[in-house]
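A structural walkthrough
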Amino acid sequence: MAGTDRLDNMNPAVYSKSSVRAPAPSDWDDDVYDAVDAREVFELVCDIQDPEHPFTLEQLNVVSQSLCYADDKKGVVRVQFTPTIPHCSLAALIGLSIRLKLLHTLPPRFKVSVEITPGSHVSEAAVNKQLADKERVAAALENPHLLAAISKCLTTTPQ
């Protein structure tokens, strides 16, 4: 929980986790080019912890593979996420956590875009504007309290 006494969503629906893609022998061969795809992007963000509940974003259906997009040739990655409720006060924190995880794990040649799924949040335009603005993201990441909350979301715990 993000330091409040009241949860935004007292009783979220919890979904089962998807199966993990089995590694192929070529995954360990440095001579084989391995393009970044939507599944790989999803696997990078699915284990991010929800800031309010002891579940991952995948378990709460906030992120799904169908809302992840990657074009390796163009160097573009896009993730849409769906907050559990339309008035989720932690949507920006969730978006920043996703964005930071992708920026730290993907090669720098990728342009990363993180957006709220259209129609799923009352402040969709404002949150999307914040997540798309590099200066606003950088300023948010300079806030030690916000960075601590994001780091907590990015710390994986065994489920």
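Below you will find a few notes about this structure. Being a predicted model, the structure only gives us computed values, none of them experimental.

**Brief notes about the nonpolar core**
In this structure, Val41, Val63, Phe81, Ile98, Leu102 and Leu106 are the most contacted members of the largest nonpolar core, which totals 37 residues. Of all the elements in the fold, those that place two or more residues in this core are helix 1 (38–45), strand 1 (68–71), strand 2 (76–81), helix 2 (91–105), strand 3 (111–116), helix 3 (124–132), helix 4 (134–142) and helix 5 (144–154). It is helix 2 that provides the largest number of residues to this core, a total of seven residues. Apart from the residues lying within four places of it in its own chain, the contact partners of leucine 102 are Val41, Leu44, Val45, Val77, Val79, Val112 and Val114.

**Here's the deal with the environment of histidine 53**
One can find histidine 53 in the loop between helix 1 and strand 1. Its relative accessible area of 10% is what places histidine 53 among the buried residues. Remark: the alpha-carbon pair of histidine 53 and methionine 10, spanning 43 residues in sequence, is separated by 9.2 Å.

**A few points about the environment of glutamate 43**
Structurally, glutamate 43 can be placed in helix 1. Each C-alpha atom, one on glutamate 43 and one on arginine 21, is 8.8 Å from the other, the two residues being 22 residues apart in sequence.

**Focus on the packing of aromatic side chains**
Considering all chains together, one arrives at zero aromatic pairs under this definition. Between arginine 78 and the ring centre of tyrosine 69, over which it is positioned, the NZ or CZ distance is 4.7 Å.

**Regarding helix 2**
The end-to-end C-alpha distance of helix 2 is 21 Å, a good match for the 21 Å that 15 residues give at a rise of 1.5 Å each. Among the 15 residues in helix 2, eleven count as buried, and that is most of the element. The inward-facing, buried residues of helix 2 contact helix 1, strand 2, strand 3, helix 3, helix 4 and helix 5.

**Focus on the sheet that holds strand 2**
Two modes of strand pairing occur in sheets, parallel and antiparallel, and in both the strands are linked by backbone hydrogen bonds. Read across the open sheet, the three strands follow the order 1-2-3; overall the sheet is mixed. Lying at the two open borders of the sheet, with one neighbouring strand each, are strand 1 and strand 3. Geometrically, the sheet is characterised by an average inter-axis angle of 10° between neighbouring strands, direction not taken into account. Here six bridges tie strand 2 to strand 3, and the two strands are oriented parallel to one another. By the bridge assignment, arginine 78 is partnered in strand 3 with serine 113. Helix 1 rests against strand 1 and strand 2 of the sheet, and its axis sits at about 130° to strand 1. The strands that helix 2 touches are strand 2 and strand 3; relative to strand 3, the one it contacts most, it runs at about 160°.

**Notes on the environment of leucine 57**
Tracing the sequence through the fold places leucine 57 in the loop between helix 1 and strand 1. Counting along the chain gives ten residues from leucine 57 to aspartate 47, while the straight-line C-alpha distance between them is 6.5 Å.

**Overview of the pattern of salt bridges**
It is possible for side chains of opposite charge to pair when their charged atoms get near one another. All chains considered together, the criterion is met by two salt bridges. Glutamate 43 is the salt-bridge partner of arginine 39, the closest N and O atoms lying 2.9 Å from each other. With arginine 39 and glutamate 43 both in helix 1 and four residues apart, the pair spans about one turn of that helix. The partly exposed category is assigned to glutamate 43, whose relative accessible area is 28%. In this structure, aspartate 72 engages arginine 109 in a salt bridge whose closest nitrogen and oxygen atoms are separated by 2.8 Å.

Rules behind the numbers
- Residues numbered from 1 in each chain as written.
- Predicted model: local features only at pLDDT ≥ 70, side-chain atom pairs only at ≥ 80, totals over all residues.
- Heavy atoms only, no water.
- Core = buried A, V, L, I, M, F, W, Y, C linked by side-chain atoms within 4.5 Å.
- Buried < 20%, exposed > 50% of the residue type's maximum accessible area, 1.4 Å probe, protein only.
- Helix = DSSP H or I, 4+ residues; strand = E, 2+ residues; numbered from the N terminus.
- Contact = heavy atoms within 4.5 Å.
- Phe/Tyr/Trp six-rings, centres within 6.5 Å; stacked < 30°, edge-to-face > 60°.
- Lys NZ or Arg CZ within 6 Å of the ring centre and 35° of its normal.
- Expected span 1.5 Å × (residues − 1).
- Pairing = 2+ DSSP bridges.
- Axes fitted to C-alpha atoms, helices over the stretch in contact; angles between N-to-C directions.
- Salt bridge = Lys/Arg side-chain N within 4 Å of Asp/Glu carboxyl O.

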